[in-house]
Amino acid sequence: MTDIIHTFAGNPLDRADAERRDPDWLDAAERNPHSRYLPMWRLNVLIDAGAGDRLGWLPPERIAELDVQTPPVFLGLDGQGARFALDVSTVERPVATLGLSEAFRFEDSRAAGMTLSASEAGILAQSRSQLAWHEKHQFCSVCGTPTNQARGGHLRVCPNCGAQHFPRTDPVAIMVISDGDRCLLGQSAGRLARTGMYSALAGFIDQGESIEEAVRREVREEAGVEVGAVRYHSSQPWPFPSSLMIGCHGDALSTDITIDPVEMADVRWFERDEARAALAGEHPTLKVPGPVAIAHHLIRAWVDGSAERPE
């Protein structure tokens, strides 16, 4: 079976775990003229329109012109050298400060991911997730002391109690449940309700809970529907801020809907033809997520029949 490469997956970099443990190697790599930096300003990514709207990599000598105290995060190695991400949010106008041409701009990371190649979107996902984690986890959760970045940004260490803190990824179960010729889609009480869009149900996986258990629990809680067999489809890193979407299909054991009004604005059964038309943008009222989201591909797999229970 060929892996499904969703948007924000497909990162080609060698994360070079052995090299990132060596402070001297990292220090030399930060100054190596073959290294490149990806600046991010308030978690927006630098895009180079002159290169065809690709990631805006800059050499070390350009980065040295910025008065940035935050250390860079080592992303990994490609065939040319080391690659780093750098938070430049403390610089008021980084494009102007660097003297970059009008071809460069900082773009919303979600929007950029929709136009970048699979490999560059994967690098963007890693960069945004790690920089967001460092921004929000600068103090030791054990004793409250400010922590220091280590191992190229894959670790923060407390100088007081010695506690080590690693970047977190939150697992999320996301699922399309069907009862044969209908699939269950919902509208969360937040963003989806404002846009009028319906999507796959989803929720964070609890501690001590399997993926299958999380699928059944979330569907029961959000829609009041009982689920039997659960089948894994694919996964997608989602760097807003740092989740792993674990996509599944499941078979409904019941069909009566009782929504959780706190979490959900609406949950409905939709016929296969309705979902097919929505995927093509041809349904008069039903809107579903676009190809950037794993939900789109879960719905499409069900519409196409590839998500059905194997004989």
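Up top you'll find the structure we're talking about.
From a predicted model like this one, the values you see are computed outputs, not experimental measurements. (Residues numbered from 1 in each chain as written. Predicted model: local features only at pLDDT ≥ 70, side-chain atom pairs only at ≥ 80, totals over all residues. Heavy atoms only, no water.)

### Thoughts on the packing of aromatic side chains
- Under the criterion given, the structure shown has eight aromatic pairs.
- With centroids separated by 5.7 Å and ring planes inclined at 80°, the aromatic side chains of Phe8 and Trp238 adopt a geometry described as edge-to-face. One end of the pair, Phe8, is in the segment before helix 1 (17-20); the other, Trp238, is in strand 13 (residues 227-238), and 230 residues separate them in sequence.
- Accessibility expressed as a relative area gives 17% for Trp238, which makes it buried.
- The structure contains a cluster of three or more aromatic residues connected by ring pairs, namely Trp25, Tyr37, Phe74 and Phe84. (Phe/Tyr/Trp six-rings, centres within 6.5 Å; stacked < 30°, edge-to-face > 60°. Helix = DSSP H or I, 4+ residues; strand = E, 2+ residues; numbered from the N terminus. Buried < 20%, exposed > 50% of the residue type's maximum accessible area, 1.4 Å probe, protein only.)

### Description of the nonpolar core
- Formed by 45 residues in total, the largest nonpolar core has its most connected members in Phe8, Val45 and Ile299.
- Those elements that place two or more of their residues in this core are strand 1 (36-41), strand 2 (44-48), strand 4 (73-77), helix 6 (118-136), strand 10 (170-178), strand 11 (182-188), helix 9 (272-279) and helix 10 (294-304).
- Among the elements that make up this core, the one with the highest residue count is helix 10 (seven residues).
- Excluding anything up to four places from it in sequence, Val45 contacts Leu38, Pro39, Met40, Leu55, Arg105, Phe106, Glu107, Ser109, Ala112 and Leu124. (Core = buried A, V, L, I, M, F, W, Y, C linked by side-chain atoms within 4.5 Å. Contact = heavy atoms within 4.5 Å.)

### Side note on the sheet that holds strand 7 (residues 148-150)
- Spatially, the three strands line up as an open sheet ordered 7-8-9, and their pairing is antiparallel. Only two strands of the sheet have a single partner each, and these edge strands are strand 7 and strand 9 (164-165).
- In the sheet, strand 8 (residues 155-157) pairs with strand 9 via two bridges, with the strands oriented antiparallel. In the strand pairing of strand 9, Val157 is matched with Gln164. (Pairing = 2+ DSSP bridges.)

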